[in-house]
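So the chains spell out like this:
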Amino acid sequence: MPQASSLFTRLEYQVADRLFHTRWLLPHSPRTQRLTLRLLKRCAEAGHPDALSVYGHMLFHRSLSPQDKARGARYIVEAAHAGDLKAQYQVAQIYENGCAQYPRRDEYAVTWYARAAKAGHYLAAERLARAYDQGQLGLAVDHKLAASWQALADQYVNHAPTELAS
């Protein structure tokens, strides 16, 4: 039965993603928004990595209650551990700035930025380049490392993933 459940969760997430990103399909009425959030929440609670990332981001950045913000941060961390690239960058930002549940830890921020940068996140590579260039996040100034992280960031920007192989 777990396979059927995960298939259902994937289908639910696809519906939620379409509702979230497609403006012309259905108007963004309060009813549609509630349905979308309910589907994202169910998928996140079922452990769907993309839903953990999206719903976690929404909770962390848009919720008013500290409990929802903490749950959002937890979902983002789970998605990052599952390999979600955007969540890895968000976890680095959470550790860089700190929050109630995850206090500021520069060494964790550097680790997550590096993980996201190596996986292809250009903003993470740029942040590491700036950190090494200016001696931020507890790092010593190292212009060679800064240049290598910046070169990696430039490589990601210059090689868009939508290029077609001929």
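Draft legend 1. Looking closely at the overall build of the protein. Tallying secondary structure elements over the protein gives eight helices and zero strands in all. Secondary structure elements of the protein occur, N-terminal to C-terminal, as α-α-α-α-α-α-α-α. Across the protein, every contact between residues at least 6 apart in sequence was considered, and the portion connecting residues at least 24 apart equals 46%. Accessible surface computed for the protein: about 10400 Å², of which carbon and sulfur atoms make up 55%.

Draft legend 2. Structural view of the packing of helix 4 (residues 66-81) against helix 5 (residues 85-97). Packing of helix 4 against helix 5 brings their axes to within 8 Å, and their N-to-C directions diverge by 130 degrees. Compared by their axis directions, helix 4 and helix 5 come out oblique. The hand of the helix 4/helix 5 crossing is left-handed. Across the interface between the two elements, Ala73, Ile76, Val77, Ala79 and Ala80 of helix 4 pack against Ala87, Gln88, Gln90, Val91 and Ile94 of helix 5.

Draft legend 3. Spatial organisation of the nonpolar core. Within the largest apolar cluster, 43 residues are counted, with the highest numbers of intra-cluster contacts made by Val91, Tyr113, Leu128 and Trp149. Of all the elements, helix 6 (residues 106-119) adds the most residues to this core, at seven residues. Residues contacting Tyr113, with those up to four places away along its chain left out, are Tyr89, Ala92, Gln93, Glu96, Ala124, Arg127, Leu128 and Leu137.

Cut-offs applied
- Residues numbered from 1 in each chain as written.
- Predicted model: local features only at pLDDT ≥ 70, side-chain atom pairs only at ≥ 80, totals over all residues.
- Heavy atoms only, no water.
- Helix = DSSP H or I, 4+ residues; strand = E, 2+ residues; numbered from the N terminus.
- Contact = heavy atoms within 4.5 Å.
- Areas by Shrake-Rupley, 256 points an atom, 1.4 Å probe, with all protein chains shown as cover.
- Axes fitted to C-alpha atoms, helices over the stretch in contact; angles between N-to-C directions.
- Parallel < 35°, antiparallel > 145°, perpendicular 65-115°, else oblique.
- Left-handed = near helix turned anticlockwise from the far one by under 90°.
- Core = buried A, V, L, I, M, F, W, Y, C linked by side-chain atoms within 4.5 Å.
- Buried < 20%, exposed > 50% of the residue type's maximum accessible area, 1.4 Å probe, protein only.

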